[in-house]
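Residues per chain, in single letters:
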Amino acid sequence: MPREHYLNATYGIRSWLLTTDHKRIAMLYLVSVTFFFFIGGAFATMIRIHLLTPTGLLVTPETYNKLFTMHGVAMIFFFLIPSIPAVLGNFLLPIMIGAKDLAFPKINLLSWYIYLIGGGFVLYSFSTGGLDTGWTFYTPLSSVYSNSAVTPAVIGVFINGFSSILTGLNFIVTVHTMRAPGMTWFRMPLFVWAQYATSIIFILGTPVIAITLLLAGMERMFHLGFFNPALGGDPILFQHLFWFYSHPAVYIMILPAMGVISEIIPTFARKPIFGYSFIAGSSIAIAVIGFFVWAHHMFLTGQSTYSALAFSLLSYLVAIPSAVKVFNWTSTLYKGSISYDTPMLYALGFIGLFLIGGLTGLFLACLGLDIHIHDTYFVVAHFHYIMVGGAVMGYVGGLHFWWPKITGKLYPEFLARVAAVILFIGFNLTFFPQFLLGYLGMPRRYSSYPPEFQVLNVMSTAGASILALGYLLPMIYLTWSMRYGKVAGRNPWPATGLEWQTDSPPPTENFDVTPEVTWEPYDYENRPDLGLAIEGAPTHAHGDD
Amino acid sequence: MVYITLISLFFGVAITAAIVYFFFKYRRTHPEQLGVPIHGDMRLETAWIVVPALLAMTMFAWGAVVYVDYRRAPIDTLDIYVIGKQWMWKAQQPTGLKEINELHVPVGRDVKLILASEDVIHDFSVPAFRVKMDVVPGHYNTMWFRPTKVGRYHFFCSQYCGTNHSLMGGWVTVMEPTDYAAWLSGASEGNENPVLAGEKLFADKACITCHLSDGRGRAPSLNGVYGAKVLLADGSTVTADEGYIRESILDPKAKIVAGYQPLMPSFQGQMTEEQILNLTAYIKSLQSQPVPATGSGIAPATGKK
Amino acid sequence: MHRTGELFGQYKTMEQQRETASLGMWVFLSTEVLFFGGMFMTYTLNRSTYPDIFSEASKTINLWLGAVNTIVLIASSLTMAMAVWSSQVGKKKLLTIFLVATLILGCVFLGIKSVEYHEKYVEHHIPGWNYQFEPGADVSTNAHTQLFFSLYFAMTGLHALHMIVGAGLLLWLIRQSIRGRFTPEYNTPVENIGLYWHFVDIVWIFLFPLLYLIDRH
């Protein structure tokens, strides 16, 4: 391990709380998003236990409504949306393009504090009466009828939005102006492309939710009438404004994870990614098309049939670039040299689960079908497959992949592989029954349900206990490895990105000498420095293409 | 459903199988081994963009056809008014018979539900019929279905609406037409006929002072107006459906009939959804009354002014 | 701490630092477009749903004050542009003068705005605060005109907030300018804050006709 690196370069709490080093800021985010993951996870645990019996085992309906609302708010705004961009993106983006830091390091730190302040307001809301409007805050329930702590929650999410906006701004500008010599756009790692696409959504979408929540909050505080029909307003207008951001938000949650997968697969197949430009382009396509599908959440609000047709068509269109990615990742495995390391297990698990989540999106985009499955557990299962089976697996997989770089240590490989499998199995056991529940008609956000739905609910809860184990194990052994893990060295896998050419952990300045890039990404063939190609010995197991 | 399931299964299984197969077949056999560098293939990329796109279009088209049909109720329907409020459902049969958390309908008949909310957004959903529709405060939504089998079927509220959202459900009872007729007349005592209730309101709320039926009042006659096209002051026309009637009561200045002054006061906050429904029923009953030559808001048939 | 005009650690050249700051400001302004855009959309939709009532309500806001404010803001954009030019050609004294002029004009704008708001307060046109459109107005009229005023205050209020932030930025600029920190080689803050100021001006150029001018018989 290097003697001086970003973790030990300076000491003391001030050096952390006032840092402008993107790597330290990433670590600050790691701690805070993990905290919110626990909070959201605690609510989820209570939800699943409560749903063991048809009349509800644990809590009153009021409390249950608060549980699922707070689970959603905590997980979406304070865990999923920041997770990969603010932890892995912050840490890796400058290094991957050969820069010393992001374009605006102080704004980066400001982002974290804004996140904390927003989180503070939301925690205040949770602990002083809770929030029971659903994370979607539909009016007039949220702006007029709810008796819960809506206003602080809305303020908290509003403030948190600026954290996203500033992070997105930082990433975009950094990618444009801070690349090292020779790092052209098409030599950038796909993870960077993914962050760039995500950042476009950050800056264009988040302001709209900000203004929407501002208006809803004002309506609640001052009894105004934007969305309240009794005062001449339109509740459907709220939904349009809300979903204009919140649909692209789901792409904020999945695109970075896709970026992680695009790094892991070539590394553990030891070959270039199949269709680099298509994967890069599909990230941008998803970000752009994703802005035009929002009203597929509103097919049954009574909107015009024509607009429903348009949004259904566009929703099918946005599925295509995602499909392209899945095909390309799978093709990368063909004639690869595949190792079964933990990050690869997460990546493959991601593909399988994202596949199911994405295919079930086709069901929901189908207007005729949506009539039946809208607002049922089918939707809940669909988005958990993508958010948890996709985004969270991408995040945890990415944490494992870059853990040696971030901490300089290796985690215990066998235990990690076991945990990955446990996670995959637990996840499917938890959420697959929910597709069936939804198809059979069980509505979502129900604290009690007809008895015929109990068996599937019990199965889902049983699966959740296994899923929980799958999350706890990495938290334990990753923490353990920071002290007791084996030293990793610069490039344990080995992988081809710039980040693997510097020390583990990296020095504060990232590079001793600014790199000059002359090679294509994922180019194992022309990288003798990786120590892989041996003179005279067969390097390809399956014959040249 | 089956179609999309099959396509999904096909792709899902195929890709998973490919991944599993490659995972085992191409596993690393010695530590420094590389994979074969294949950068891409335009034909494959084109294929797997075009084929899924075409398949997606078929899924879209099929769903669109079903949906468009669902959004356009047939002409001759049995109309039932349904009001959702936290946390119960009130249904009103055409005779005025009211039900709470129950809905009785005859088998084999097209049934249209006109949905209104007294407070927040709800959703009326009958999984067995594969139908649902949001119930939004501020305007009416409609949904229709044709029950094909006698029996009792769950209905649920399917849009989160607060504390007792999960308790806001009930049963749809589908009966043979004769049983339905018997039930309807048998239980009708003590239930006010909505047309009569509406007629009483029309007088009590003083509508009758301006909306004279012979057209000589300050407001247009309402004979024959339900379902007709009304000519507005700005030259446009609008169909006088339930939504138009409701808007005219709550926000009369929104659409002024051609040739009339904006004198009508708003009844916002002074009427429940039920009262509005009763007035609507009464106005519907005037459909067959003679339309006066002048003093009606109905647009001329040939478009001549 | 870095002083204005020095090369920050993560950049390799001043050129890169300047380009980065400039791109950063443009990206930020694009987020502001979406931010205001949401409200403009809401206003436009409501306006087309209730054209007559909104027109009634809009007649009661002070057209002359609004018009004067428009001229004041445009003038301030002119002085801002002159400030940027001064910094580009190295005329440091002129730079400070134009920056101060811009600030003064901005304050005039805010002052006139407070007079307008006060008028609304006196007329009971502040939503949620003893709101009554006119004596004898019925519930529906009150509700719909209140919608207009809610949007009026939300939009102009948010705009005024941005002006206040702009004024703060100008104060900082003036301080730095007096200390002679800006040269033709380094005038990035002047240019970027100038961009911000012009943007806030443009928002007003849209607000004014939408709120004050449309359908004023």
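Residues numbered from 1 in each chain as written. Chains lettered and ligands numbered in written order. Predicted model: local features only at pLDDT ≥ 70, side-chain atom pairs only at ≥ 80, totals over all residues.

Chemist: What is the right way to read the packing of helix H8 (residues 235–269) of chain A against helix H11 (residues 342–365) of chain A from this model?
Modeler: Packed helices, taken two at a time, are described by the angle between their axes plus the distance between the axes. Residue and element names in this part refer to chain A. With their axes 9 Å apart at the nearest point, H8 and H11 run at an angle of 125 degrees to one another. The angle between H8 and H11 falls in the class oblique. For the crossing formed where H8 meets H11, the hand is left-handed. On H11, the residues that touch Ala-257, Ile-261, Ile-264, Ile-265 and Phe-268 of H8 are Pro-343, Met-344, Ala-347, Phe-350 and Ile-351. Looking at the contact of H8 with H11 residue by residue, the class counts come to 10 nonpolar, no polar and no charged. (Axes fitted to C-alpha atoms, helices over the stretch in contact; angles between N-to-C directions. Helix = DSSP H or I, 4+ residues; strand = E, 2+ residues; numbered from the N terminus. Parallel < 35°, antiparallel > 145°, perpendicular 65-115°, else oblique. Left-handed = near helix turned anticlockwise from the far one by under 90°. Contact = placed C-beta atoms within 7 Å. Nonpolar A, V, L, I, M, F, W, Y, C, P; charged D, E, K, R; others polar.)

Chemist: Can you walk me through the nonpolar core in this structure?
Modeler: Here is a general trend for soluble globular proteins: nonpolar side chains tend to be buried in one another's company. With 297 residues, the main nonpolar core has Ile261(A) and Leu115(B) as its most contacted residues. Take this core: its biggest share by element is 22 residues, from helix H3 (residues 61–96) of chain A. When we break this core down by domain, the ones giving at least three residues each are domain 1 (78–186) and domain 2 (194–288) of chain B. Leu115(B) has contacts with Val82(B), Gly84(B), Phe124(B), Met133(B), Val135(B), Tyr140(B), Asn141(B), Thr142(B) and Met143(B), leaving out every residue within four places of it along the chain. (Core = buried A, V, L, I, M, F, W, Y, C linked by C-beta atoms within 7 Å. Buried ≥ 20, exposed ≤ 12 C-beta atoms within 10 Å, placed from the backbone. Domains from an automatic or database assignment.)

Chemist: What is the right way to read the packing of helix H7 (residues 190–222) of chain A against helix H9 (residues 276–289) of chain A from this model?
Modeler: All names here are of chain A. Close contact between H7 and H9 brings their axes to 8 Å; oriented N to C, the two are set at 15 degrees. As summarised for this structure, H7 and H9 are arranged roughly parallel, according to the angle between their axes. Where H7 crosses over H9, the handedness of that crossing is right-handed. Packed against H7, whose contacting residues are Leu-190, Trp-193, Ala-194, Ala-197, Ile-200 and Ile-201, the element H9 presents Tyr-276, Ile-279, Ala-280, Ser-283, Ile-284, Ile-286 and Ala-287 at the interface. By residue class, the composition of the contact of H7 with H9 is 12 nonpolar, 1 polar and no charged.

Chemist: Honestly, the confidence of the model for chain C in this entry has me stumped. Any pointers?
Modeler: Any region with low pLDDT has predicted coordinates that should not be read closely. The predicted model of chain C averages 91 in pLDDT, with 97% of residues at 70 or higher. Interface confidence for the predicted complex, given as ipTM, is 0.89, next to a pTM of 0.91. (pLDDT = per-residue confidence, 0-100.)

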